[in-house]
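# Structure at a glance
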Amino acid sequence: QVQLVESGGGLVQPGGSLTLSCAASGSIFTINNMAWYRQAPGKQRELVALISRGGTTIYSDSGKGRFATSRDNARNTVYLQMNSLKPEDTAVYYCNANIKSMANGATITYWGQGTQVTVSS
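A few points on the structure. (Residues numbered from 1 in each chain as written. Predicted model: local features only at pLDDT ≥ 70, side-chain atom pairs only at ≥ 80, totals over all residues. Heavy atoms only, no water.)

The helix and strand inventory of the protein chain stands at 0 helices and 11 strands. Computed over C-alpha atoms, the radius of gyration of the protein chain comes to 14 Å, within 12% of the 14 Å expected from 2.2 N^0.38 for 121 residues, which places it in the range of a compact globule. Taking the principal axes of the C-alpha coordinates as reference, the protein chain spans close to 50 × 25 × 25 Å. Residue pairs at least 24 apart in sequence account for 54% of intrachain contacts in the protein chain once pairs closer than 6 positions are excluded. Per element, the accessible surface of the protein chain, about 6,300 Å² overall, is 48% carbon and sulfur. (Helix = DSSP H or I, 4+ residues; strand = E, 2+ residues; numbered from the N terminus. Rg over C-alpha atoms; globule rule 2.2 N^0.38 Å. Contact = heavy atoms within 4.5 Å. Areas by Shrake-Rupley, 256 points an atom, 1.4 Å probe, with all protein chains shown as cover.)

Quick look at the structure:
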């Protein structure tokens, strides 16, 4: 059993910053890619940022230059630092991780429950 728990969302004014965290727990042998997605009302879920186990990062155009993702492999945690936030960044942010189970060796992609980020004055 593996769980991803996000934290750090909230209300922020335009131009402000937020840092999201996502911690994985449970029967974990290793975590491969970890990623952040977001879904705004009435829109499809979209990739925001991805980070490999080795630290290679990929960003969507919407977050490039403003968002930064990092991870702490010892803590099974991924972070998303968001700067210069805009109203259009308002969405539910989800963390996603590709995890190999210690229990049975299966590799499965897990999702967190999501955390709301609202950018408004």
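Time to look at the state of the cysteines. The full count for this structure, using the stated rule, is 1 disulfide. The partner cysteine of cysteine 22 in its disulfide is cysteine 95, sulfur to sulfur 1.9 Å. Pair noted here: cysteine 22 is in strand E3 (residues 18–26) and cysteine 95 is in strand E9 (residues 91–101), with a separation of 73 residues, a long-range link. When its relative accessible area of 0% is taken as the criterion, cysteine 22 is described as buried. Judged by its relative accessible area of 0%, cysteine 95 falls in the buried class. (Disulfide = S-S within 2.5 Å. Buried < 20%, exposed > 50% of the residue type's maximum accessible area, 1.4 Å probe, protein only.)

This part covers the side chain of arginine 38. Turning to its location among the elements, arginine 38 is positioned in strand E4 (residues 28–39). Residue classification places arginine 38 among the buried residues on the basis of a relative accessible area of 6%. Within the local environment of arginine 38, its side chain forms a polar contact with the side chain of glutamate 46, the two groups lying 2.7 Å apart. Within the structure, arginine 38 has its side chain in polar contact with the side chain of aspartate 89 (distance 2.9 Å). If sequence neighbours within four positions are ignored, arginine 38 has contacts with Gln44, Arg45, Glu46, Val48, Ser62, Phe67, Glu88, Asp89, Ala91, Val92 and Tyr93. (Polar contact = N/O pair within 3.5 Å; in protein donor to acceptor, adjacent residues only side chain to side chain.)

Nonpolar side chains in soluble globular proteins tend to be buried together. Grouped together as the largest cluster of nonpolar side chains are 28 residues, with contacts concentrated most on Leu4, Trp36, Leu80, Met82, Tyr93 and Ile99. If one sorts the elements of this core by residue count, E9 sits on top with 5 residues. (Core = buried A, V, L, I, M, F, W, Y, C linked by side-chain atoms within 4.5 Å.)

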